[in-house]
Every structure is written in C-alpha cells, then in structure tokens.
Amino acid sequence: MSKFYLILIFCFFGLFVSAQKSITGTVTDAVSQEPLLGATIVVENTTNGTTTDFDGKFTLNNVPDTAAIVVSYVGYKSTTIPIGLATNYPIALEPDVESLEDIVVIGYGRESRRNITGAISKVDSESIERLEPQNAAQALQGTASGINVTQQGGSPGSESNIRIRGIATNLDASPLIILDGFEYRGGLNSINPQDIESITVLKDAQAAIYGSTGSNGVILITTKSGKRNQETEFNYQTYVGVQQTSRKIPLLNATEYALLLNESYTNAGQVSPIDNFSGLGKGTDWQNEVFDTAPIMNHNLSIRGGSENISYSISGSLLDQEGIVGSEKSEFSRKTASLSLDASITEIFSINTKLFYAASKNKSLNDFGLGSVLFNALNMAPTIGPEVDNLTNEIDLGNEVVNPLTQIRNTFNDSKTNRLSGTFQSKLEYAKNLDLQGRIGFNTALTQNRDFFPVFDYGTGKVFNRLEDNLVSLGKINDNDYTFDLFNTYQNNFNDRHNLTLMLGMTVFQTKGEGLFGSATGVPSNLYTFADLSLATGSGDNRNANSYAYDVRRLSYFGRVQYSLDNRYLFSAMLRRDASTRFGPNNRVGYFPSVTAGWIVSDENFFPENNFIDFIKIRASYGIIGNDRIGDFRYLSLLTGEATYPSGVDGSLINGVAIGPLSNPNIKWEEAKKLDVGVDFRLFKNKLNFVFDYYLNDTKDLLVSNIPISGIFGTYAPGGSGPTINAGSVRNQGIEIEFSYNDNLSENLKINAGFNLSTIQNTVTEINGTDFIEGGQFGVGQPAPSRMEVGKPIGYFYGYQTNGIFQNIAEVNAHPSQILLGAEAQPGDIRYVDANGDGVIDSNDRVNIGDPIPDFTFGINLGFSYKNFDFNTYAFASVGNDIVRNYERAQDNVNKLNYRLDRWTGEGTSNSVPRVTTAPSANNIFSDFFVEDGSFLRIQTVSLGYNFQENIISKIKLKKLRVYAKVDNLYTFTEYSGFDPTASTGAPIGAGIDFGFYPIPRIYSFGVNAQF
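- Under an unreviewed UniProt entry, the protein has the name SusC/RagA family TonB-linked outer membrane protein and belongs to Planktosalinus lacus.
- According to the UniProt record, the Subcellular location (unreviewed entry) comment for the protein reads "Cell outer membrane".
- Taken verbatim from the UniProt record of the protein, the Sequence similarities (unreviewed entry) comment is "Belongs to the TonB-dependent receptor family."

Below you can see the structure in the form of structure tokens.
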C-alpha cells in the first residue's frame, strides 16, 4: 500500500511539473510590424513578468498552462492572452491612438515617455491638424511649456522667432532643428505642416547629445510615413479663406490734425500753417487705404500605404497667400513635395529614405522699420489725398514720410527659393542585441532676389527719390550642407531586471555656400519688365558686383548609456566631443557631458494602490551644452576693412582693403550649464496628466564683439573693429507647469483640455572688457535704447524715467535743469527724474525703464466632440513684457495718435501727455513715455467641424469626411496701443521695439478634409 501511495505522489508531482513551463515570443507593432523594445509581459494576477529585448523578443519562466499573460506597452492597447499548450507566442499590439503621444523621439533614437528622464514637450499630428497653421512653428505657440513663439511679422511668408526657456545669448538664440535625424537649416516655414507626424522639443541637458549646437534647445521633427500592411490611403485637405487686419491704430482725423498742428505752431510763436480747416472733415484714413482684404488658399494631397516589407508615403501641397498690405505686391506662395520609402531588404537589413522639395516665391514690401509702408501710413497727414504722389506742394512731412500707396506701386521686390532636402538611412542588425545605423542628410537651396527702384520723385528732399536713374539689383545665393551619422546601438535585458542600452557614434557635418550680387542703373523704359543686368546700361560706378563664400565643418563623436533597474530606477549619461572650424586652433575641440536620472515611485511595492494616482515619476538632469552660432573665422584677421593708399611716383591715392575686426585665436564656443528637476503625474485612470519642472540655465563665455582695446596697439581703418572674445554670462531660471485632461463623458461626448505655464527670470551675470553692450534703435540719431549689463535682463530698455508734466514755471524752476537734453523745459513738457541726484538731468540719469522678456507665459487649449461635431480653441498669453512705441516720427507736421488730444493745454489739464509745440523740446528723447505694457492674451484659433457618418460617405467611396470653419487670430486682449504686442525683431539686444509692425492678420477660413 505504501508503494501505491508513493507512486501516486510522484504522478501528482509530475502533473504539477508539466503544468509549469517557459514560454517565448515576439511583441510587434500590429501596423508597422516593427519590434517593440521594453514591452511588459506579466502572468495575470502575479508579479511574475519580464520585458522584451531590442528585437521585441522575450522569455518568461514558470508559466502555468491554465494561466494568462498580460502584454502592455506605452502607446499601445494592452492585451490578455490565455496560455495553452503552445510555447511560442507572436503578439501584435494595436496602437492606442489616444496614448500614442507617449512615444517620443530623442536624439539618435526614441523612447517611451514613461522612461524619459529629461524635460521634453511634444506636439502631435492631431494638434497640428486642428490648428492648420501656415507655418509649422505656430503649432508650438501656446501648446507646449517653456517655448515662446513670435512671428517676425504678419506679412505672407514671415518666419517665426522661437525661444526655448528664454534668451541665453547675445547672438543667435534660435534652437537647433533636426528633421528626421538630420540638421535642417531651411526654416520651419519651408516645411509643409501637414507632413509632420510630431514635434518634440528637448529643453534640458538631454540636448547635450547634440553638443556645440544644442544650447538653445533642440526641435526634433518627425514626418509622416506609410505603415506596413496598410492599404493605399489617400488624404486630401484644403481650405480657403480671407484675411483682414486684426487691429487699426487710432489716429487723428484731418480736423483734429489741423487743430493740433496749428496749436503746436502757436505754442512756438509761429504762424499757423492751416488757415481754414472747417471743411476738412475726417480727411484721408491712410490705414484704410493701405489695408486690404486678402485671400488665402491651401491644398494638400498625400498617398500612404505599405505591404509586408515596404511602406511608402507621397505628398504634395500648395499654399497661396496675399498680404493685407499691398495685396499682390506682398504675396507668398509655397509648393512642397515629399517622398518617404521604408523597406526591409532582409530580416536584418533595412533602408529608409525621405526627400523634401520646397519652392517658394515671395513678393515683399518694406514692412517693418523706419520708412516702411505702415510707418508712412501712420505718419502721413490726413489732409493729403491718396492720389497725391509728389508731396512737394504739400505740408512738409520731413524727408522720410511719403505717400504709402505710391510707395507700394513703386516697390518691386521678388525672391524665390528652391530647396531640396533629404535623408538616406540604413540599419543592419549584425549580431544579437546589436545594430549599426548609417544616415546621410543633406540640404541644398538656391535663392534668387531681384529688386528694382524706378526713377520717381516723391517730393523735394525725400530719401526714396531716384531723380536721375533707376537701379536694378540681383542676388543669387547657393547654400549646401550635409550630415553623415554612423552609430552603433547595443540593447539587452539581464535577469528580467536590468535594461541596458549603449550607443556610440560619430557625425560629420559640413555647410558651404556662396553668394553673388550685382547692381546697375539704366534699366530701359524705367520698367520692371526689363529689370535685368544684361539690359541695364549703367557702367563704371553705376555697375557694381560683390560676392562671398563660406565653408564650415564639424567632426563629432558621441556616446550614451541608458540603464533601468526593475523598470523603475532610470539613469542615462551622454558625452559628445565636437571639433569645429569656426574656432581657432587653441580651442577647436569641446566636450559636452550630461547625466539624467529618474525614479518611478508609483511602481514601488510600498506605494499604496488607489484609484487616484496612477503614475508618479521624479527626474533630474544636468549637463553642459554649447553654442557655435557666430561669424566664421573670428580667430583670424580678415581683409574686410577699407583703406586709401598712395600709389606710383606721384603718390596718387587709390582705395584698397585693410584688416577688419582684430583676431582672437583663443575664441571658443559658448557653454550652457543646464539643471532641471521635474515630476510627472498621471491621475484618475490616466485622464489627467500633470508635469512640473524647475530649471536653472547658466550660459557662460558669451561671444562679445568689438571689445575696446588700448590705443597703444594702434588704430584700425574703416570697417575694422576690436576683437570678439568670450566675455559674458547669463542666467535663466524658472518653473514650468503642464496640465492635460482627456475623458469620454458619455458615449457621444468627449472632452480634452490643456494648460501650460512657464516663468522666466533672466539676469546677465558677467561682462568682461566693457561695462555694457548696446543694441536696437529708437528714432533718428538717438543713443541705442537696449542694453546688456550685469545684474539686468538681457536687452533691457535704458532711458530716462519720467515724473509727470511740468504744470507751471515754478515747477520748472524748482527742478534740475534739463537743458543738456536738448532744450530747457517749459510748462507742459515732460519732467525727467534726476536718477543720480546730482542736480542735473543728463545722460547719466538713464536707468532701467523696462525689458521685453515676459515674467511668464501660458497657453490654454480646449476641445470637445459631441456626436459628429467637434470644437477646438487655442489661446496664448504673455505677461510682464514691455514694448517700445517707436513708430511715431519726431517731426513737426506728421500725423499723431489720438492720445495727443489729451495733451497739456494749461495748468491741471494733463499730467501724462505733454504739450504740442514745434519749438525745440526734450519731449521726444527715449524715456518711459514710449514704453508700454506689452502683456496680452490672444485667442489664436477657434474651429468648429462636422464629421460625416461612414455609412453616408461610403456611398461616394470615402472613408472620412470632415468640413470645418475656423478663425485664426480671433482677438487679442491687450492694453498696448500698437498694431501687435508681439512686435519684435527677435534680436536678443534690441527686441521689443515696434517700428510699425505688420499686424498678424485675422483669417476666416473654410476647409475640407477627406480620406479615401
């Protein structure tokens, strides 16, 4: 009997052993068939689990036959698979459209957002499609924290200024753009927004993988591709719309103008220039004359699909946009085409290629600056009719102001650019857990410009006059660059606990190009039709030519290690070595290291299970990144100066060249030390996401040009200057907050909302060799209004502080003299503050009177869909930035803004607006009288769409059909008196100065999106 029981026990033990087994499998993307690295496989209701390796493969031990495994991956729908007799399980996960945003592109790779240990922001294709921007940069404004985007103007084809976490340099502060892995220098306006799959922004030390080019942040753009095993899919998007100015500046009408003009002459003891103004009425509204209602149109067609081993994508687009000023004289058209092909040649070798072509044509006006069309429209006298081309017999408006309509008619500025860009990539999985990738990217662009200045007389003494001969000017610029990347990646998982990824690579970059320019007088018939150098008759000094060429190279080596323990303790480190020909032999090589770490607290055993918090990650990063965006060959003394030399036995003088800026063989790149500490939350079953970051960026070795040198070393000729040295430091610090909420409130009602906020505190911490650096322009002949100085924000406004208006002569006599400002004060003049208390008002009393850097910015977006209807709106705000009103010409007879009606006319009448007078006064010097609060809240986009039901559109062979109406730039809430509170040149020193900014138009559009 005992033997029987013993046999029975062994049988049951054998059954138990046979019920426990090891299984293997591969987890792939169900659409693209690509393996998924880091997917999680867990036996249901247990802690027994593992993750996939680089090839998507896994092995899981001790799995009961009667159990089930749960397979999950960020960005994909989880699946539960019962375990039967099989031991190998090929598993294809379906992408989860609602969470695909959690897959992000990083430098030389991609990663799930769950495991990212740096500060990033991402805008996906769905957001871009809702916004339908003309310029891809506009998709970043208000949708991502820490990113400030302002357009360089509202004229068609205008580019945008992008600043990531503030301004950290006195030179080029724009970020590095990486398009599908290669460096892209074409500007975001040359990329079709509908071709973009996602935009990822690296804001912290993660950008160190790009070394000497990444200190201003990195924008990674991934374009759309076809999917494996996808039927051919056609998508067509189109919209048409009209554009109008979003704002007009309140000016004096003809009667008001005449009254104030006569008063200004009377106050100066002069004869009034206008005898009878009773019949003037409102006169000419010059803003109405120059502003038009302009059309805009866009078409986009794409074809995408794929088979088991190949995927493809072809697209083309056309954008036509006329300007709201000048109509066809201010016009932009862009044609783009793209091709993407991805093929698996063998199981271990694949290739990918993407090509982009863009052809743009641009007709432009002088639209921002002294003498621009809008500057003239604001200053032109309303008593003059729009038909008056020659102002000789009209009231004297100075030498700059002309009839803006005549200016438009006589403007002939054409530019066209043809750009071809692309990348060719290959990937070889040559051993287990190892792959080698090679990539070459290129950009080639040809830009041609043609400007024609006809003979025309705008009036006596006008600077725009060409009285004797016309002029044609042509330019041809060819820019080329290529990037070659070669990098090896090793990925492995050890003991189901340790995930390790190693990457080692190199990059070779070269950019070179040339420009050729020529001009000549004597264009036949004074017509643009014949504006060509071959037809122009000018010779000698009336025919000129010049050119330039450049060649810059960079050689880089880089490496990165990424490690995770138990999929919750995260670490990465990277190092890049760059050598650049932009810098001298003493500092040609730089090293840029960084480290990042993260801890997924919510995966700890001690973390309580709850229905409130789904995910918590704490992360931190620190690294050093460079900036090499300076002029070429600053370490050499080039012959770019001018000089006059005696020649021959008679000593006759001839013009020649001389040394330009002095050399500095020790020049090197700027270095940015970046610290970031952040935390990520997901709450309420992943419906609410919250991200918080604190950042501290210290940039040192800023490159400062024209540093003063001792006269003991001699002087330099015209065109020469002091050397460029590493002489400055800037600190930016602040916090960033992002909220996003997505929920299905019912079967028919879905809602999504987002909010982001960014603060910034900018301080210059060091300048060597000089006390300050100046920049910007105000008025004519006045000192530079902007400065970079220790202890102040970069580009702050430096001028006089005001303290009301002198009400009587007793107040004038009791106040320090203002004679050194250009005129002695009179009652009704602006009273300036004696800032240094020395009893005299002079240039030493100038102080900080504002700065263009906002205290904080925020963005809001809200969307919902009910049944077949969808609604979306986006808003963006900037708070605390100041702006300089610099479009009022300081000339006696020009028109004025209507706030001048509240001028001082006697004691007690005004303490804010000075008297009007043609007598000399100091009322127009740069002071806080011209500085305004530039804070604003802009409703960027409001759209309403309808999606037709599939059972209806399938009858006409359509899969999807959406029609919508949209308004862009709906309204801007601001107290600024100018056209647009975002007016700026974008220069770090000189930003925030409004010369008569071309307003960003309000666009009403109707569109159709169809898929078939």
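Following the structure, the description resumes.
**So, the overall build of the protein**
(1) Moving on: Helix and strand content of the protein: 8 helices and 50 strands.
(2) Moving on: The dimensions of the protein, computed from C-alpha atoms along their principal axes, are 135 × 75 × 65 Å.
(3) Moving on: For the protein, buried positions account for 53% of its 1012 residues.
(4) Moving on: Long-range pairs, those at least 24 residues apart, make up 71% of the contacts in the protein with a sequence separation of at least 6.

**Examining the domain arrangement of the protein**
Interface size is often expressed as the accessible area that is lost when the parts come together.
(1) Moving on: Entries for the protein in the domain assignment read domain 1 (18-95), domain 2 (237-263 + 276-796 + 853-897 + 936-974 + 977-1011) and domain 3 (804-843).
(2) Moving on: Here the C-alpha centroids of domain 2 and domain 3 sit 43 Å apart.

**Structural notes on a nonpolar patch on the surface**
(1) Moving on: Judged by side-chain polarity, Ile348, Phe424, Leu428, Tyr430, Leu436, Ile440, Tyr482, Phe484 and Leu486 come together as a nonpolar surface patch covering roughly 700 Å² of accessible area.
(2) Moving on: Of all the secondary structure elements, the ones that give two or more residues to the nonpolar patch are β22 (412-431), β23 (434-453) and β24 (471-494).
(3) Moving on: Locating isoleucine 440 in the fold gives a position in strand β23.
(4) Moving on: Its relative accessible area of 37% is what places isoleucine 440 among the partly exposed residues.

**Examining the UniProt feature "domain: TonB-dependent receptor plug" (unreviewed entry) in the protein**
(1) Moving on: Per the UniProt entry, the sites bearing "domain: TonB-dependent receptor plug" (unreviewed entry) are residues 113-218 in this numbering.
(2) Moving on: For residues 113-218, the helix share is 7%, the strand share is 27%, and the end-to-end C-alpha distance is 17 Å.

**Concerning the nonpolar core**
(1) Moving on: Ranked by size, the top nonpolar core spans 62 residues in total, and within it Val325, Ile384, Leu397 and Tyr832 carry the most contacts.
(2) Moving on: When we break this core down by domain, the ones giving at least three residues each are domain 2 (237-263 + 276-796 + 853-897 + 936-974 + 977-1011) and domain 3 (804-843).
(3) Moving on: In this structure, valine 325 is in contact with Val290, Phe291, Ser330, Leu365, Val373, Leu374, Ile408 and Tyr998, ignoring residues within four places of it in sequence.
(4) Moving on: Val123, Ala137, Leu179 and Leu188 belong to the second-largest nonpolar core, a separate cluster that totals 25 residues.

**Observations concerning the packing of aromatic side chains**
(1) Moving on: Taken as a whole, this structure holds 33 aromatic pairs when the rule is applied.
(2) Moving on: With centroids separated by 5.5 Å and ring planes inclined at 35°, the aromatic side chains of phenylalanine 864 and phenylalanine 871 adopt a geometry described as tilted.
(3) Moving on: With 6.0 Å between their ring centres and 55° between their planes, phenylalanine 876 and phenylalanine 936 make a pair best called tilted. Note that phenylalanine 876 is positioned in strand β44 (residues 869-879) and phenylalanine 936 in strand β47 (residues 936-947), a separation of 60 residues in sequence. Like phenylalanine 936, phenylalanine 876 is buried.
(4) Moving on: Chaining the aromatic ring pairs together yields one cluster made of Phe778, Tyr899, Phe926, Phe929 and Phe930.
(5) Moving on: Across from the ring centre of phenylalanine 772, 3.5 Å away, lies the NZ or CZ of arginine 787, which sits over that ring.

**Structural notes on the pattern of salt bridges**
(1) Moving on: Applying the stated criterion across every chain, the model contains 41 salt bridges.
(2) Moving on: The salt bridge partner of arginine 553 is aspartate 551, with a shortest N-O separation of 3.1 Å.
(3) Moving on: Aspartate 551 gets classed as partly exposed once you look at its relative accessible area, which sits at 26%.
(4) Moving on: Here glutamate 888 ties to arginine 885 by a salt bridge, and the two come within 2.5 Å at their closest N and O atoms.
(5) Moving on: Residue classification places glutamate 888 among the buried residues on the basis of a relative accessible area of 19%.
(6) Moving on: Take arginine 885: its relative accessible area is 5%, and that puts it in the buried class.
(7) Moving on: A single network of salt bridges, built from pairs that share partners, joins Arg165, Lys203, Lys617, Arg619, Asp676, Asp680, Asp693 and Glu736.

**What about the sheet that holds strand β46 (residues 931-933)?**
(1) Moving on: Strands sit in the order β46-β45-β49 across an open sheet of 3 strands; the sheet is mixed. Taken across any chain shown, the strands that pair with only one partner, and hence form the sheet edges, are β46 and β49 (993-994).
(2) Moving on: Here strand β45 (residues 882-885) runs beside β46; their pairing, made up of 3 bridges, is antiparallel. Within β46, the position partnered with valine 884 by the bridge is valine 931.

**Side note on the confidence of the model for the protein**
The predicted coordinates should not be examined in detail at positions where pLDDT is low.
(1) Moving on: Residues with a pLDDT of 70 or more make up 96% of the protein, whose mean pLDDT is 90.
(2) Moving on: Considering only residues more than four positions removed or in separate chains, one finds that residues 97-101, a stretch of pLDDT under 50, has 9 contacts.

**A few points about the side chain of glutamine 510**
(1) Moving on: Mapped onto the fold, glutamine 510 is located in strand β25 (residues 498-521).
(2) Moving on: A distance of 3.1 Å separates polar atoms of two side chains, one belonging to glutamine 510 and the other to aspartate 551.
(3) Moving on: Those residues in contact with glutamine 510 that lie beyond four places of it in its chain are Asn480, Asp481, Tyr482, Asp551, Val552 and Arg553.

**Brief notes about the environment of tyrosine 874**
(1) Moving on: In this fold, tyrosine 874 is placed in strand β44.
(2) Moving on: For tyrosine 874, a relative accessible area of 4% gives the class buried.
(3) Moving on: Along the chain, tyrosine 874 and asparagine 861 lie 13 residues apart, while their C-alpha atoms are 4.4 Å from each other.
(4) Moving on: Looking at tyrosine 874, its side chain comes within polar contact range of the side chain of arginine 130, at 3.1 Å.

**Re the pairing of strand β7 (residues 88-93)**
(1) Moving on: Residues Tyr89, Ile91 and Leu93 point to one face of β7 and are all buried, whereas Asn88, Pro90 and Ala92, pointing to the other face, are not buried.
(2) Moving on: Where strand β1 (residues 20-29) and β7 come together, 6 bridges link them in parallel fashion. Residue pairing across strands places threonine 28 opposite alanine 92, the latter belonging to β7.

**Side note on the sheet that holds strand β14 (residues 182-183)**
(1) Moving on: Strand order in the open sheet formed by 5 strands is β10-β15-β16-β13-β14, with mixed pairing between adjacent strands. Every interior strand has two partners, whereas the edge strands, β10 (120-124) and β14, have only one.
(2) Moving on: Where β10 lies against strand β15 (residues 196-202), 5 bridges are found, and the strand directions are antiparallel. In the sheet register, serine 121 faces β15, and the bridge partner there is valine 201.

**Looking at a positive patch on the surface**
(1) Moving on: On the surface, a cluster of positive charge is made up of Lys335, Lys361, Lys363 and Lys416.
(2) Moving on: Mapped onto the secondary structure, lysine 363 falls in strand β21 (residues 349-363).

**As for the environment of phenylalanine 692**
(1) Moving on: Among the secondary structure elements, phenylalanine 692 is positioned in strand β33 (residues 688-704).
(2) Moving on: By relative accessible area, which is 28% here, phenylalanine 692 ends up partly exposed.
(3) Moving on: For the pair formed by phenylalanine 692 and aspartate 680, sequence separation is 12 residues and the distance between their alpha carbons is 6.6 Å.

**As for unusual backbone geometry**
(1) Moving on: Despite not being glycine, tyrosine 108 shows a phi value in the positive range, around 60°.
(2) Moving on: Turning to its location among the elements, tyrosine 108 is positioned in the loop between β8 (103-106) and β9 (109-112).
(3) Moving on: Backbone geometry at asparagine 433 places phi at a positive 70°, although glycine is not the residue there.
(4) Moving on: By secondary structure assignment, the location of asparagine 433 is in the loop between β22 and β23.
(5) Moving on: Its relative accessible area of 5% is what places asparagine 433 among the buried residues.

**A look at the pairing of strand β17 (residues 230-244)**
(1) Moving on: As judged from the 12 bridges shared by β17 and strand β18 (residues 294-306), these two strands associate in the antiparallel manner. Pairing of valine 240 across the sheet is with methionine 297, part of β18.
(2) Moving on: For β17 and strand β50 (residues 1002-1011), the ladder comprises 10 bridges, and the chain directions are antiparallel. Looking across to β50, one finds that asparagine 235 is bridged to glutamine 1011.

**Regarding the environment of arginine 163**
(1) Moving on: With respect to the helices, strands and loops of the structure, arginine 163 is situated in strand β12 (residues 160-164).
(2) Moving on: For the pair arginine 163 and tyrosine 357, spaced 194 residues apart in sequence, the C-alpha separation works out to 27 Å.
(3) Moving on: Apart from the residues lying within four places of it in its own chain, the contact partners of arginine 163 are Gly146, Ile147, Asn148, Ala173, Ser174 and Gly986.

The rules we used
Here the residue numbering is sequential within each chain, running from 1 through the sequence in written order. Two thresholds apply to this predicted model, a pLDDT of at least 70 for residue-level local features and 80 or more for giving and counting side-chain atom pairs, whereas whole-chain, interface and lining totals are computed over all residues. Side-chain metrics rest on all non-hydrogen atoms present in the structure, leaving aside hydrogens and water. UniProt positions are given in the numbering used here, feature names are shortened, and annotations may be inferred rather than shown by experiment. Labels follow the DSSP assignment, with helices taken as runs of H or I lasting at least four residues and strands as runs of E lasting at least two, numbered in each case from the N terminus. Think of it in three bands: residues with accessible area under 20% of the maximum for their type are buried, residues over 50% are exposed, and the middle band is partly exposed, with areas taken using a 1.4 Å probe on protein chains only. Any two residues whose heavy atoms approach within 4.5 Å at even a single point are treated as in contact. Note that the domain bounds were set by an automatic or database domain assignment. To count toward a patch, a residue needs a relative accessible area over 30% and no salt bridge; like charges are then connected within 9 Å, while nonpolar side chains (Val, Leu, Ile, Met, Phe, Trp, Tyr) are connected within 5 Å. Note on areas: these come from Shrake-Rupley sampling with a 1.4 Å probe, and a residue is covered only by the protein chains present in the view. Counted as salt bridges are all cases of a side-chain nitrogen of Lys or Arg within 4 Å of a carboxyl oxygen of Asp or Glu. Grouping buried Ala, Val, Leu, Ile, Met, Phe, Trp, Tyr and Cys residues that are joined through side-chain atoms within 4.5 Å yields what is termed a nonpolar core. Here is the rule: rings of Phe, Tyr and Trp (six-membered ring for Trp) pair when centre to centre is within 6.5 Å. Planes less than 30 degrees apart are stacked, more than 60 are edge-to-face, and the remainder are tilted. Ring-over charges, as used throughout, are those where CZ of Arg or NZ of Lys falls within 6 Å of the ring centre and within 35 degrees of the ring normal. A pair of strands is treated as paired once DSSP finds two or more bridges between them. For every residue, the pLDDT score states the predictor's confidence, bounded by 0 at the bottom and 100 at the top. Between N or O atoms, a polar contact is any pair within 3.5 Å; within protein, one atom must be a potential hydrogen donor and the other a potential acceptor, and residues adjacent in sequence are included only when both atoms are from side chains. His is not counted here, nor are the chain ends, while Lys and Arg score as positive and Asp and Glu score as negative. For charged residues, the charge sits on one atom: NZ in Lys, CZ in Arg, CG in Asp, CD in Glu.

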